Amino acid sequence: TDLSDTLLGLATGLQAEAKSEQAISLYQAALQMREKQYGKDTPEVAAVLVPLAYAYWLSGDAISSRQTAQRAEKIWFTALGNKHPLVQLCTKLTQ
């Protein structure tokens, strides 16, 4: 497990405790690490973008939520095709 995985776990816990702002900070840190390690448009990055988009939505930031979900959707679509559940989830988040 790398540090980005640890940050994701901590962020998920914070989000479950309704601490979206703190969760967002950890998701953003994990995102930066993954972008550096894997590249900007990889499934490893998209795996962080989906919960980050949800955290934005929970915090009331609909614009950031939609933009983040759209980015994840594009990555998942390229990697998995439009029928995959992750693509469909991202599509719902962008509406």
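Below, the structure is looked at part by part.

Conventions adopted
- Residues numbered from 1 in each chain as written.
- Predicted model: local features only at pLDDT ≥ 70, side-chain atom pairs only at ≥ 80, totals over all residues.
- Heavy atoms only, no water.
- Helix = DSSP H or I, 4+ residues; strand = E, 2+ residues; numbered from the N terminus.
- Buried < 20%, exposed > 50% of the residue type's maximum accessible area, 1.4 Å probe, protein only.
- Expected span 1.5 Å × (residues − 1).
- Arc of directions from axis to C-beta.
- Contact = heavy atoms within 4.5 Å.
- Phe/Tyr/Trp six-rings, centres within 6.5 Å; stacked < 30°, edge-to-face > 60°.

Note on placement: Ser20 falls in helix 2 (residues 20-38). By relative accessible area, which is 11% here, Ser20 ends up buried.

Between its first and last C-alpha, helix 2 extends 26 Å over 19 residues, near the 27 Å set by a 1.5 Å rise per residue. Residues Ser20, Ala23, Ile24, Tyr27, Ala30, Leu31, Arg34 and Glu35 constitute the buried set of helix 2. Each buried residue of helix 2 lies within a common arc of 140° when the element is viewed along its axis, so the set occupies one face. In helix 2, the exposed positions angled more than 90 degrees off the buried face are occupied by Glu21, Gln32 and Lys36. Its buried side turned inward, helix 2 meets helix 1 (3-16), helix 3 (43-59) and helix 4 (62-80). Just downstream of helix 2 lies Gly39, where phi reads positive at about 105°.

The next point concerns unusual backbone geometry. Phi is positive for Ala18, close to 65°, though the residue is something other than glycine. Along the chain, Ala18 falls in the loop between helix 1 and helix 2. Its relative accessible area of 67% is what places Ala18 among the exposed residues.

All right, on to the packing of aromatic side chains then. In this structure the tally under the stated criterion is one aromatic pair. For the ring pair Tyr54 and Trp57, a centre distance of 5.8 Å and an interplane angle of 20° mean the geometry is stacked. Here the residue Tyr54 and the residue Trp57 both occupy positions in helix 3, the gap between them amounting to three residues, near one helical turn. A relative accessible area of 52% means that Trp57 is categorised as exposed.

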